[in-house]
Amino acid sequence: SMLDPHVLFAPILGDDGRVVDAGNDLANEAACAYLGRPCEEVLGRRIAALFAGEAVDQVLRWCQETLDDERVSHDDVPLTSAVSGEPRWFDVRAVRVGSRVSFTWRDVSERHRAAADLARRERQYRLLADYATDVIVQTGSDSTIEWVSPSVTEVLGWRIDEVVGHRMPDL
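Okay, so let's go over this structure. These figures come from a predicted structure and were not determined experimentally.

Per the stated rule, a full pass over the model turns up 1 cavity of 30 Å³ or more. Taken as a whole, the largest cavity encloses approximately 120 Å³ of empty space. In this structure, the largest cavity is lined by 13 residues; those nearest its centre are Phe 51, Ala 55, Leu 79, Phe 90 and Trp 105. With 3 residues, the single largest contributor to the lining of the largest cavity is helix α4 (residues 54-69). Residue composition of the lining of the largest cavity, by class: 11 nonpolar, 2 polar and no charged.

Its location among the elements puts Gln 64 in helix α4. When its relative accessible area of 8% is taken as the criterion, Gln 64 is described as buried. Within the structure, Gln 64 has its side chain in polar contact with the backbone nitrogen of Val 19 (distance 2.6 Å). Discounting residues that sit within four places of it in the chain, Gln 64 has contacts with Gly 17, Arg 18 and Val 19.

The next point concerns the sheet that holds strand β5 (residues 100-107). Spatially, β2-β1-β5-β4-β3 is the arrangement adopted by the 5 strands of the open sheet, whose pairing is antiparallel. Each edge of the open sheet is held by one strand with a lone partner, namely β2 (19-27) and β3 (71-80). Along the sheet, successive strands turn relative to each other by an average axial angle of 30°, direction set aside. As defined by bridge partners, strand β4 (residues 87-97) adjoins β5 across 8 bridges and the pair is classed as antiparallel. Paired with Arg 96 across the two strands is Val 101, which belongs to β5. On the sheet, α4 packs against β1 (6-13), β2, β3, β4 and β5 and is oriented at approximately 170° with respect to β3.

Parameters at a glance
Residues numbered from 1 in each chain as written. Predicted model: local features only at pLDDT ≥ 70, side-chain atom pairs only at ≥ 80, totals over all residues. Heavy atoms only, no water. 1 Å grid on protein atoms, 1.4 Å probe; cavity = no way out; pocket = protein on both sides within 12 Å on 5 of 7 lines; lining within 4 Å. Points joined across faces, edges and corners; volume = space filled by probe spheres on them. Helix = DSSP H or I, 4+ residues; strand = E, 2+ residues; numbered from the N terminus. Nonpolar A, V, L, I, M, F, W, Y, C, P; charged D, E, K, R; others polar. Buried < 20%, exposed > 50% of the residue type's maximum accessible area, 1.4 Å probe, protein only. Polar contact = N/O pair within 3.5 Å; in protein donor to acceptor, adjacent residues only side chain to side chain. Contact = heavy atoms within 4.5 Å. Pairing = 2+ DSSP bridges. Axes fitted to C-alpha atoms, helices over the stretch in contact; angles between N-to-C directions.

Pasting the structure below:
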């Protein structure tokens, strides 16, 4: 019933006690859909048969981390998609259940891209506002100055702290 992909891994340990692979004991419909395979092809498969490239090593590291620490929580993890081969970002949760690792992930690529786009636009805005020769003022609904560009000093001779917090009509 989970909306996020979920699998239950049975870690396979090497001679040194470290995770070298894992079998898949359970996969929900969301995991099968994400991996682009019918559930019959997902169940019982090992990690290398389910994931690709760097994701294989990363999932094995998370399995080990979960066995060591009982739970794992990582956000905005960049990985190449096992399905499309595109760069994607994931929130990952794992918890130890006996000798198994319950593992879920959420593709948060759109959230990651939106945040990166917002940060890029913020940097562009800062460049424009901080280096404009015109005085730019942001006020609240009551005309109180909340922000003023640094050019207020050169144009009007006022320091920023002398302007912010005052109402426009008072100046």
